[in-house]
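Single-letter residue listing:
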Amino acid sequence: MNETFMKEKPMLPLIASMSLPAVVSMIVNSLYNIIDSFFVAMISEDALTAVSLVFPMQNFVNAVSIGFGVGLNAVISICLGAKQNDTAHTAATHGMVLSVVHGVVLTAVTFALIPSFLRMFTDDEAVVSMGLTYAYIVFGFSTILTIGLAYEKMFQAVGRMNVTMIALICGCLTNIVGDPILIFGFGPIPAMGIAGAAWATGLGQTVSLAVYLAVCRYKPLQVRISSAYLVWNPLLDKRLYGIGIPAVLNMGLPSLLVSALNGMLAPFSPIYVVILGIYYKLQTFLYMPSNGIIQGVRPLIGYNFGAGEYGRVGALYRTTLGLNSLIMIGGTVVCFAVPDVLIGWFTENPETIRLGASALRIISCGFIVSALSVTASGALEGLGKGVPSLLISLLRYVVVIIPAAFVCVSLWGPDGIWHCFWIAEGVAALLAFFIYRRTASAAMGKAGK
């Protein structure tokens, strides 16, 4: 397969062909997350609380896996654009080996930390017990997750987005079908409760990896994973981590934010912790299509940057920003129109629905402006500029929002937490505009010399 279509195909058809499979994948994944929470909520609200408390650490594991994959994706696509094929093969091989190491380390770390982590946020031993049951099973699949996501990013780097879509859909469907069967039992399969939800998640990840391995067997990747390329290359590894570590932090910062906000909300009422957990499930459904577009455009930006097609890099950025803005406008309209319906998908508690609907309307005020930060951060990763991308995420998830939350909660109580979201998005978007323009101009100027 010739990857030159990335710099030759007309702009909108190119973005559509690369991004639509990723968008479909992200929508399916968001649907799975909502359905998973729906079935967990049918066990009890305590079960939903337990899963919500595990979510930050679960998101951290995903962040490490996906973030390093972003570094792998960027290096491979830039190398292919620059016709440095041997370097691309070496990057793929090193990336896969390192992904296995990451999976083993993550399993050990999460097993050791999860008991004390859960008890930071609740004294209810029933909630802690359910959280531990769920967490030990889910984190036991960490190595399968890291390998599967490494394959996902490599397939995306070479433009084979349909493969990643099929793999993710197969995994999500396995999870969706497995949830009710394993949670509530079916025929000879006993009811496992919250453990069944965890097993369904792990089985879904295993199926996705199996799809990648099957495709590689019958239609191999354009980049080769071979012991011949497992050579000492510290500069290449530094390059992988130089993009990957900031991307990991980008992905992991929401976990830090959720943990900090849970700590502020918990003293008021467990209901607010549930509302925050529900919001993050819903915002996943909104931001996943936007992130799907970023996934499709990131290798295009990297390939064109490597090939010296700087005009196309700028056009890709502007078009992506427009598409993401449309998604955020739609999300804002829905959240203002039917917030009670959205919250009601996860709970039947009238008080939770009432307070959650009010929170959702306030938070959604920041959706539209966030398109600028999301697009700029993803484009910078495609250019191989991990640190400026991280800076934008720090502004969104730490530097502005956490201090604002402390101030707002002291003034307005728990409702102040919801206001800090749109405040942070507004400030971060303004600064992201300048960060992207300055960094992209400098990178293209340096590469053009």
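Structure: see above.
> Sorry, what's going on with a negative patch on the surface here?
Judged by side-chain charge, Glu-45, Asp-46, Asp-123 and Asp-124 come together as a negatively charged surface patch. Under the relative-accessibility criterion, Asp-123 is labelled exposed at 73%.

> Explain the pattern of salt bridges to me, please; I cannot follow it from the model alone.
Pairs may arise between side chains of opposite charge once their charged atoms sit close together. Taken as a whole and assessed by the stated rule, the structure comprises five salt bridges. The closest approach of N and O atoms between Arg-298 and Glu-381, which form a salt bridge, is 3.1 Å. Residue Arg-298 is found in helix α10 (residues 270-306), and its partner Glu-381 is found in helix α14 (residues 367-382); the two are separated by 83 residues along the sequence. Taken as a pair, Arg-298 and Glu-381 share a single burial class, namely buried. The salt bridge involving Arg-396 is made with Glu-425; its shortest N-O contact spans 2.9 Å. On the criterion of sequence distance, the pair formed by Arg-396 in helix α15 (residues 386-399) and Glu-425 in helix α17 (residues 415-448) is long-range, its members being 29 residues apart. Side by side, Arg-396 and Glu-425 carry an identical accessibility label, which is buried.

> I'm lost on the packing of helix α3 (residues 45-81) against α10 in this one. Help?
Angle between the axes and distance between the axes are the two parameters that describe a pair of packed helices. Running from amino to carboxyl end, α3 crosses α10 at an angle of 5°, the nearest separation of the two axes being 11 Å. Put simply, α3 runs roughly parallel to α10. Of the residues in α10, those in contact with Glu-45, Leu-48, Thr-49, Ser-52, Leu-53, Phe-55, Val-70, Asn-73, Ser-77, Ile-78, Leu-80 and Gly-81 of α3 are Val-273, Val-274, Gly-277, Tyr-280, Arg-298, Pro-299, Gly-302, Tyr-303, Phe-305 and Gly-306. Residues of the contact of α3 with α10, tallied by class, amount to 12 nonpolar, eight polar and two charged.

> Where do I start with the nonpolar core in this structure?
Looking at soluble globular proteins, one finds that nonpolar side chains tend to be buried together. One finds Ile-417, Trp-418 and Phe-421 to be the most contacted residues of the largest nonpolar core, which totals 79 residues. Looking at which element gives the most residues to this core, the answer is α10, with 13 residues. By size, the runner-up hydrophobic cluster in this structure holds 32 residues, among which are Ile-78, Leu-372, Ala-428 and Ala-432.

> How should the packing of helix α4 (residues 85-119) against helix α9 (residues 234-265) be read in this particular structure?
Contact pair α4 / α9: the axes reach a minimum separation of 11 Å and the direction vectors enclose 30°. Put simply, α4 runs roughly parallel to α9. The chirality of how α4 crosses α9 is right-handed. Along the contact surface, α4 presents Thr-87, Thr-90, Ala-91, His-94, Gly-95, Leu-98, His-102 and Phe-117, while α9 presents Leu-236, Asp-237, Leu-240, Tyr-241 and Ser-259.

> Quick question: what am I supposed to make of α9 here?
For an α-helix the count is 3.6 residues per turn, leaving residues at separations of three or four pointing the same way. With 32 residues, α9 should cover 46 Å at 1.5 Å per step; its first-to-last C-alpha distance of 45 Å lies within 8% of that length. By the largest-angle criterion, Gly-252 marks the main kink of α9, which is about 35°, and a proline, Pro-254, follows within four residues.

> Can you help me understand the side chain of His-94 in this one?
Along the polypeptide, His-94 turns up in helix α4. Overall, His-94 belongs to the buried group, its relative accessible area being 5%. Among the polar contacts listed, one links the side chain of His-94 to the backbone oxygen of Tyr-229, at a separation of 3.4 Å. In contact with His-94, not counting residues within four places along its chain, are Tyr-229, Leu-230, Val-231, Asn-233, Asp-237 and Leu-240.

> Looking at this structure, I do not really get the environment of Val-97. What am I missing?
Its location among the elements puts Val-97 in helix α4. Classification of Val-97 by relative accessible area gives partly exposed; the value is 38%.

> Would you explain the environment of Met-154 in this entry?
With respect to the element layout, Met-154 can be found in helix α6 (residues 142-157). Met-154 sits in the buried class, given a relative accessible area of 0%. In this structure, the C-alpha to C-alpha distance between Met-154 and Thr-164, residues 10 residues apart in sequence, is 9.5 Å. Those residues in contact with Met-154, other than ones at most four positions away along the chain, are Leu-72, Ile-76, Ala-92, Met-96, Leu-221 and Ile-225.

> Hey, could you run me through a nonpolar patch on the surface in this one?
A contiguous nonpolar patch, built from Val-97, Val-101, Val-105, Val-109, Leu-113 and Leu-230 and spanning about 470 Å² of accessible area, is present on the exposed surface. Here Leu-113 is to be found in helix α4.

> Whenever I open this one, the packing of aromatic side chains confuses me. Can you help?
The geometry of an aromatic ring pair comes down to the distance between the two centres and the angle between the two planes. Per the counting criterion, the structure on display carries 15 aromatic pairs. For the pair Tyr-151 and Tyr-212, a centre-to-centre distance of 6.2 Å together with 15° between the ring planes defines the contact as stacked. In this pair, Tyr-151 sits in helix α6 while Tyr-212 sits in helix α8 (residues 194-218), placing the two residues 61 residues apart along the sequence. Residue Tyr-151 is classed as buried on the basis of its relative accessible area, which comes to 12%. Ring plane angle 70° and centroid distance 5.5 Å describe the contact between Tyr-279 and Phe-421, whose orientation is recorded as edge-to-face. With a gap of 142 residues between them, Tyr-279 in helix α10 and Phe-421 in helix α17 connect regions that are remote in the sequence.

Parameters and conventions
- Residues numbered from 1 in each chain as written.
- Predicted model: local features only at pLDDT ≥ 70, side-chain atom pairs only at ≥ 80, totals over all residues.
- Heavy atoms only, no water.
- Patch = residues over 30% accessible without salt bridge, like charges linked within 9 Å, V, L, I, M, F, W, Y side chains within 5 Å.
- Areas by Shrake-Rupley, 256 points an atom, 1.4 Å probe, with all protein chains shown as cover.
- Salt bridge = Lys/Arg side-chain N within 4 Å of Asp/Glu carboxyl O.
- Lys, Arg positive; Asp, Glu negative; His and termini not counted.
- Charge placed at Lys NZ, Arg CZ, Asp CG, Glu CD.
- Buried < 20%, exposed > 50% of the residue type's maximum accessible area, 1.4 Å probe, protein only.
- Helix = DSSP H or I, 4+ residues; strand = E, 2+ residues; numbered from the N terminus.
- Axes fitted to C-alpha atoms, helices over the stretch in contact; angles between N-to-C directions.
- Parallel < 35°, antiparallel > 145°, perpendicular 65-115°, else oblique.
- Contact = heavy atoms within 4.5 Å.
- Nonpolar A, V, L, I, M, F, W, Y, C, P; charged D, E, K, R; others polar.
- Core = buried A, V, L, I, M, F, W, Y, C linked by side-chain atoms within 4.5 Å.
- Left-handed = near helix turned anticlockwise from the far one by under 90°.
- Expected span 1.5 Å × (residues − 1).
- Bend = angle between axes of the 7 residues up to and from the residue.
- Polar contact = N/O pair within 3.5 Å; in protein donor to acceptor, adjacent residues only side chain to side chain.
- Phe/Tyr/Trp six-rings, centres within 6.5 Å; stacked < 30°, edge-to-face > 60°.

Just distances and angles here, no functional claims.
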